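Coordinates in review
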Amino acid sequence: MILSPEDEAILAGGEGETRARMMEILFALGKVYGAERLIPIASAQVSGASYKTIGRWGLDWIQHLDAKVSVPTVLNPVGMDRLKWRDMGISPEFAKNQEDVLEAYRKLGVIMECTCTPYYLYITRYGEHLAWSESSAVAYANSVIGARTNREGGPGALAAAIIGKTPEYGLHLVKARVPQVVIRVGGGTRMHDPAHFGALGYRAGTLVGNRIPIFEGIRPGRDHLKALGAAMAASGAVALFHVKDITPDSRIFSYSTEGLEVISVEFDEIETCMKKVPVDAVALGCPQCSPEELTRIAELLEGKAVRIPVFIFTSRDVAARHPREVAAIEASGARVYADTCMVVSPAMERIGTIMVNSGKAFAYVPDMCGAGVRLGTTEECIDVATQQRDAVA
Ligand code: F3S
């Protein structure tokens, strides 16, 4: 990999110890993956922010860094709502450690937004290069926006944020973005809820692994695409997908799918994920809710009271811009939390079985929260929570 004279000067320590170490990380990544150069990035999103996942060692590492980020940078969801952590049952000790992690990032110039949906916070454009970490955000950026990012580890994303560049390899290169397998969906017109696309993504991820799929036979909206990509990134390792005639790369490049393996998936087959089992709580917002999803949940809860705990997760920015929707949801007894999510917060570990409308949560909740999980449409989740349908079904 060839470094520019400015990059060489940073590597030699001319701009301080931390920037030199960060350049070392980028240089090492570039060499491993065969990059020829570093390219500028428009923004970064850094994982490794929840104290639940990084612990004391991670906190110490971030605290010893001494530099500022060079591009707009946000964090992944952390282990608690920064304002309502007591309400979530978070211990003061965990809250203190979590705040220490955030303070360490704040000193680096990171924006204090803890979100897996940074695309609602700042405008991200087609063709922009990014260094994002969280798998669903990466899938959305690459597939729905047509921006370009590899799935960065926490240190790689932070190094890119501080230097303002990333090695040019993988999904930054157009030639690496072509479809590798076709998924033909039968009965796709019956799919209308994020849960259907989450279930499809969950199934597809297990079938394609880390290959780039192109879907045929579905007409998803943006929130559906978000659910599809999040689930595929969880059950497989998909960082980019295309949907014929819908996603930007599939419209702009004339890909040939001739000769590619074709996998057929039927709606009835994916619906088998949605088994009815008794639940103790409902959690929605994985990935964190969009404004439209908050509005829909508020509408579904209007005039109703929840009978079991209901947790709705969104970003602080989206919550702050939609106070009426948040108030309407909370009037039912459901709680809206920001900065965190059902998977990274220790608050969800005390629940027996959680009902979700997300294929990603369906994949992660059992291992990450030690809880049982049930997948249902948003409407079914609200019906169960308000016992319009039998929670024990
Ligand atoms: Fe986001 Fe947490 Fe789901 S980070 S994608 S809400 S597991």
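In what follows, the accompanying structure is described. (Residues numbered from 1 in each chain as written. Predicted model: local features only at pLDDT ≥ 70, side-chain atom pairs only at ≥ 80, totals over all residues. Heavy atoms only, no water.)

Section: the sheet that holds strand 6 (residues 181-186)
Under the convention used in this document: Should DSSP find at least two bridges between two strands, the strands are taken to pair. Helix numbers and strand numbers start at the N terminus; a helix is a DSSP run of H or I with at least 4 residues, a strand a run of E with at least 2. The criterion used for residue contact is that any of the two residues' heavy atoms lie within 4.5 Å. Angular values range over 0 to 180 degrees, each being the angle between N-to-C directions of two axes fitted as lines to C-alpha atoms, with helices fitted over their stretch in contact.
Spatially, 8-7-6-9 is the arrangement adopted by the four strands of the open sheet, whose pairing is parallel. Pairing within the sheet leaves two strands with one partner each, and these edge strands are strand 8 (242-243) and strand 9 (261-266). By the bridge criterion, two bridges tie strand 7 (residues 213-216) to strand 8 in an arrangement that is parallel. Counterpart to phenylalanine 215 in the pairing with strand 8 is valine 243. Of the strands in this sheet, strand 6, strand 7 and strand 9 touch helix 7 (residues 194-208), which is tilted by about 150° from strand 9.

Some words on the site of the ligand
Applied cut-off: We define proximity as follows: a residue is near a molecule or strand when any one of its heavy atoms falls within 4 Å of that partner. By the convention adopted, Pro, Cys, Tyr, Trp, Phe, Met, Ile, Leu, Val and Ala count as nonpolar, Lys, Arg, Asp and Glu as charged, and the other residues, Gly among them, as polar. Throughout the structure description, domain borders are defined by an automatic or database domain assignment.
In the vicinity of the ligand, the contacting residues are Pro77, Cys116, Glu134, Ser136, Gly285, Cys286, Pro287, Cys341, Val343 and Lys360. A per-element tally of the shell around the ligand places strand 10 (residues 281-289) first, with three residues. Residue composition of the shell around the ligand, grouped by class: six nonpolar, two polar and two charged. Among the domains, domain 1 (5-174) and domain 3 (281-387) are the pair contributing at least three residues each to the shell around the ligand.

A closer look at helix 15 (residues 378-385)
Basically, it comes down to this: When a residue's accessible area, from a 1.4 Å probe over protein chains only, is under 20% of the maximum for its type it is buried; when over 50% it is exposed; and in between it is partly exposed.
Most of helix 15 is tucked away: seven of the eight residues are buried. All of the buried residues in helix 15 are Thr378, Glu380, Cys381, Ile382, Asp383, Val384 and Ala385. In this structure, the buried side of helix 15 is in contact with helix 7, strand 10, helix 11 (291-301), strand 11 (310-314), strand 13 (353-356) and strand 14 (372-375).

Notes on the nonpolar core
What counts, and what does not: Throughout, nonpolar core names a set of buried Ala, Val, Leu, Ile, Met, Phe, Trp, Tyr and Cys residues whose side chains join them through atoms within 4.5 Å.
Formed by 130 residues in total, the largest nonpolar core has its most connected members in Tyr105 and Phe215. When residues in this core are grouped by element, the largest group, seven residues, is from helix 6 (residues 154-163). Setting aside anything within four residues of it in sequence, one finds phenylalanine 215 in contact with Ile183, Val185, Leu200, Ala204, Leu228, Met232, Phe241, His242, Val243 and Lys244.

What about the pattern of salt bridges?
Where side chains of opposite charge bring their charged atoms close, a pairing between them can arise. In plain terms, the rule: The term salt bridge refers to a side-chain nitrogen of Lys or Arg lying within 4 Å of a carboxyl oxygen of Asp or Glu.
By the definition in use, this model includes 24 salt bridges. Put simply, lysine 165 and aspartate 7 hold a salt bridge, and the shortest N to O gap is 2.9 Å. With lysine 165 in strand 5 (residues 165-167) and aspartate 7 in helix 1 (residues 5-11), this pair connects stretches of sequence that are 158 residues apart. For arginine 316, the salt bridge is made with aspartate 339, and the minimal N-O distance between the two is 2.8 Å. Taken together, the residues span a long stretch of sequence, with arginine 316 in helix 12 (residues 316-321) and aspartate 339 in the loop between strand 12 (335-337) and strand 13 at a distance of 23 residues. Because the salt bridges share partners, they merge into one network encompassing Lys84, Asp87, Glu330 and Arg335.

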